[in-house]
Amino acid sequence: MKKSLLILAAVSVLVMTGCRSNKPETPVQETKAITRFCGQWHITSFTGFNTMPDAYMNITYVEDIDSGEELSVNGFSGVNYFFATILGTNSFPLGNNVGSTKMMGSPEEMDFEDAFIQVIALSDDWKVSGGKLTVTYGDKTAVFEAPFVNDK
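For the structure given in this document, a descriptive report is provided here.

Cut-offs used in this document
- Residues numbered from 1 in each chain as written.
- Predicted model: local features only at pLDDT ≥ 70, side-chain atom pairs only at ≥ 80, totals over all residues.
- Heavy atoms only, no water.
- Helix = DSSP H or I, 4+ residues; strand = E, 2+ residues; numbered from the N terminus.
- Expected span 1.5 Å × (residues − 1).
- Buried < 20%, exposed > 50% of the residue type's maximum accessible area, 1.4 Å probe, protein only.
- Core = buried A, V, L, I, M, F, W, Y, C linked by side-chain atoms within 4.5 Å.
- Polar contact = N/O pair within 3.5 Å; in protein donor to acceptor, adjacent residues only side chain to side chain.
- Contact = heavy atoms within 4.5 Å.
- Phe/Tyr/Trp six-rings, centres within 6.5 Å; stacked < 30°, edge-to-face > 60°.
- Pairing = 2+ DSSP bridges.
- Patch = residues over 30% accessible without salt bridge, like charges linked within 9 Å, V, L, I, M, F, W, Y side chains within 5 Å.
- Areas by Shrake-Rupley, 256 points an atom, 1.4 Å probe, with all protein chains shown as cover.
- Salt bridge = Lys/Arg side-chain N within 4 Å of Asp/Glu carboxyl O.
- Lys, Arg positive; Asp, Glu negative; His and termini not counted.
- Charge placed at Lys NZ, Arg CZ, Asp CG, Glu CD.

A separate point is helix α3 (residues 107-122). Taking 1.5 Å per residue, 16 residues should reach 22 Å; α3 reaches 22 Å between its end C-alpha atoms and fits that length. For α3, the complete set of buried residues consists of Met110, Phe112, Glu113, Ala115, Phe116, Val119, Ile120 and Ala121.

So this is what it looks like as structure tokens:
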């Protein structure tokens, strides 16, 4: 009798734990981590370029019912406007998800823009610290400053 009660208890525990959802929950600190990228970021320095055009990125947090957390990224890369969506908290770099307008500029402007888009699209790392966003790809680094810092 004790043996069958023990087996019944074990089966009950397995059934109860097996019915849990496997959907991962987003911890509060993870949501705060993704919002640290939000804001308007103006480029201040970029490896290999001495003069900076008025390039910038706007990053906005979007909570979508279908896809969960998203960051909407858009901005101006010196000649053209670009846009992208980042799903979740670990989706950097932007990859092939970047679209842009197709205007032509001077050779110098186009060189900057090509390098700029390459760094944000293929980046190895995005870091926010002290009101600055640093985006790195290989030996290239783009540093942005936020006129208004989102400290959520």
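Once the structure has been displayed, the description carries forward.
For the rest of this paragraph, the subject is the nonpolar core. Ranked by size, the top nonpolar core spans 25 residues in total, and within it Met57, Ile59, Phe116, Trp126, Leu133 and Phe144 carry the most contacts. Going through the elements one at a time, β1 (39-46), β2 (56-64), β3 (68-76), β4 (81-87), α3, β7 (132-137) and β8 (140-145) are the ones with two or more residues in this core. Among the elements that line this core, the one with the most residues is α3, at 5 residues.

By the element assignment, Ser77 lies in the loop between β3 and β4. Of the polar contacts made by the side chain of Ser77, one reaches the side chain of Glu113; its length is 2.8 Å.

Below, the discussion takes up the environment of Phe49. Locating Phe49 in the fold gives a position in the loop between β1 and β2. Since its relative accessible area comes to 25%, Phe49 is described here as partly exposed. Spatially, the C-alpha atom of Phe49 lies 10.0 Å from that of Ala142, the residues being 93 residues apart in sequence. Once you skip the residues sitting within four places of it in the chain, Phe49 turns out to touch Asp111, Phe112 and Ala115.

With that settled, the discussion passes to the packing of aromatic side chains. With the rule as written, the count across this model stands at 9 aromatic pairs. Ring centres of Phe46 and Phe49 lie 5.3 Å apart, and the angle between their planes is 5°; on these two criteria the pair is classed as stacked. A ring pair is formed by Phe112 and Phe116, whose centres lie 5.8 Å apart and whose planes are at 25°; its orientation type is stacked. In this pair, Phe112 and Phe116 are both assigned in helix α3, 4 residues apart and thus about one turn of the helix distant. In this pair, the class of Phe112 matches that of Phe116, namely buried. An aromatic cluster of three or more residues is present, and its members are Phe46, Phe49, Phe82, Phe112, Phe116 and Phe144.

This paragraph deals with the pairing of β8. For β1 and β8, the ladder comprises 4 bridges, and the chain directions are antiparallel. The partner of Ser45 across the bridge, within β8, is Val143. Two elements, β7 and β8, share 6 bridges in a ladder whose sense is antiparallel. Residue Thr136 lies in a different strand from β8, and its bridge partner there is Thr141.

For the rest of this paragraph, the subject is the side chain of Asn80. Relative to the helices and strands, Asn80 resides in the loop between β3 and β4. Judged by its relative accessible area of 3%, Asn80 is buried. A distance of 2.8 Å separates polar atoms of two side chains, one belonging to Asn80 and the other to Thr101. Filtering out sequence-adjacent residues up to four positions away, Asn80 remains in contact with Gly75, Thr101, Lys102, Met103, Met110 and Glu113.

Here the focus is a negative patch on the surface. The grouping of Glu108, Glu109, Asp111 and Asp114 at the surface amounts to a negative patch. Secondary-structure assignment places Glu109 in helix α3. Since its relative accessible area comes to 38%, Glu109 is described here as partly exposed.

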